[in-house]
Amino acid sequence: PDETANYNFAKLYAQGGGLEIFEKYNLYADDIIRPRSVRSDHGVLKPVSFLGIILIYGKIAGLIGYKILPYLTPLFASVGIIFYYLLIKKFFGRTNALISALLLASFPPYIYYSARSMFHNVLFVALLIMGLYFGIKMAEKSQNRSLAPDKGAKLLAAALSGGFIGLAIITRASELLWIAPMLIILWLFNIKRIGLVKLLIFLSFLFLSFLPVFYWNKILYGSPWRG
């Protein structure tokens, strides 16, 4: 039921840009005509899951076509393995990174939730890994401090890191309970490397990723902070 609701609302968003379905009979039936994972307010059916996967997949499907929806999670799972390899390689070398990537590719929960294509677990993990990888790129020591392209690449990495981590958070907002302390600790250990400009860029793109959810929370539930 959760996957079905995510699929239908993502398809609805892709085709028409909306996240509401009107069921007129709910006006007479006290809003009881609704499937699981959907709520009804005065006849208007609304999603109750995290909106991230619906908005991300819906936007992609709007550009390519809604038939791609079942294949997006396996695609992100594959990309996540590549970035996992790159992330581990930064700390433990190529051999350990290759072994780690192979273990992740054969990890049963990862395979299982990749097959459950409208669950948000794998999308969240893949986006977070991508965000952490670009966060490491942002905090790396420059080979040459006077090299302008290197500085530009680090600013771009800061933007991508903030954007991907922001998308991961809107995909599973409950994970903020541990993501927020983790990011604060990582920043404390890398204050000098990150600096003020990259931090502001990171936070700006992190916030930009939240805006679509704030917008739809306001429309659907009456407040940007309600869900």
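Residues numbered from 1 in each chain as written. Predicted model: local features only at pLDDT ≥ 70, side-chain atom pairs only at ≥ 80, totals over all residues. Heavy atoms only, no water.

Positionally, A173 belongs in the loop between α6 (148–171) and α7 (176–188). Linking A173 and G52, residues 121 residues apart in sequence, is a C-alpha distance of 8.6 Å. (Helix = DSSP H or I, 4+ residues; strand = E, 2+ residues; numbered from the N terminus.)

Below, the discussion takes up the packing of aromatic side chains. For the structure shown, the criterion picks out 14 aromatic pairs. With a centroid separation of 6.0 Å and an interplanar angle of 25°, the aromatic rings of Y57 and F76 are classed as stacked. Note that Y57 is positioned in helix α2 (residues 52–64) and F76 in helix α3 (residues 69–105), a separation of 19 residues in sequence. Considered together, Y57 and F76 belong to a single accessibility category, that of buried residues. When the ring of Y133 is compared with that of F134, the centres are 5.3 Å apart and the planes differ by 70°; the resulting orientation is edge-to-face. (Phe/Tyr/Trp six-rings, centres within 6.5 Å; stacked < 30°, edge-to-face > 60°. Buried < 20%, exposed > 50% of the residue type's maximum accessible area, 1.4 Å probe, protein only.)

Let us now look at the layout of surface pockets. Each pocket or cavity is described by its volume, and for the largest pocket that value is around 600 Å³. Elements represented by at least two residues in the lining of the largest pocket include exactly α3, α5 (121–139), α6, α7 and α8 (191–221). (1 Å grid on protein atoms, 1.4 Å probe; cavity = no way out; pocket = protein on both sides within 12 Å on 5 of 7 lines; lining within 4 Å. Points joined across faces, edges and corners; volume = space filled by probe spheres on them.)

Summarising the element assignment, L186 is placed in helix α7. In this structure the C-alpha to C-alpha distance between L186 and N26, which are 160 residues apart in sequence, comes to 49 Å.

The final tally for this structure, using the stated rule, is 6 salt bridges. Across the salt bridge formed by K46 and D41, the nearest N and O atoms sit 3.1 Å from each other. On the basis of relative accessible area, K46 is assigned to the buried category, the value being 9%. Each of the salt bridges in this network shares a partner with another, and the network as a whole consists of R39, D41 and K46. (Salt bridge = Lys/Arg side-chain N within 4 Å of Asp/Glu carboxyl O.)

Grouped burial of nonpolar side chains is what soluble globular proteins tend to show. L19, L51 and Y57 are the most contacted members of the largest nonpolar core, which totals 51 residues. Element by element, the count of residues in this core is highest for α5, at 11 residues. Once residues lying within four places of it in the same chain are set aside, the contact partners of Y57 are A10, L69, L72, T73, F76, S117, M118 and L123. (Core = buried A, V, L, I, M, F, W, Y, C linked by side-chain atoms within 4.5 Å. Contact = heavy atoms within 4.5 Å.)

With 96% of its residues at a pLDDT of at least 70, the protein reaches an overall mean of 93. No element of the protein has a lower mean pLDDT than α6, which averages 91, and none a higher one than α2, which averages 97. (pLDDT = per-residue confidence, 0-100.)

What follows deals with the packing of α7 against α8. The contact between α7 and α8 brings their axes to 9 Å, and the two run at 130°. Here α7 is positioned oblique relative to α8, judged by the angle of their axes. Packed against α7, whose contacting residues are L183, W187 and L188, the element α8 presents I191, I194, L199 and F202 at the interface. Of the residues belonging to the contact of α7 with α8, the class tally is 7 nonpolar, no polar and no charged. (Axes fitted to C-alpha atoms, helices over the stretch in contact; angles between N-to-C directions. Parallel < 35°, antiparallel > 145°, perpendicular 65-115°, else oblique. Nonpolar A, V, L, I, M, F, W, Y, C, P; charged D, E, K, R; others polar.)

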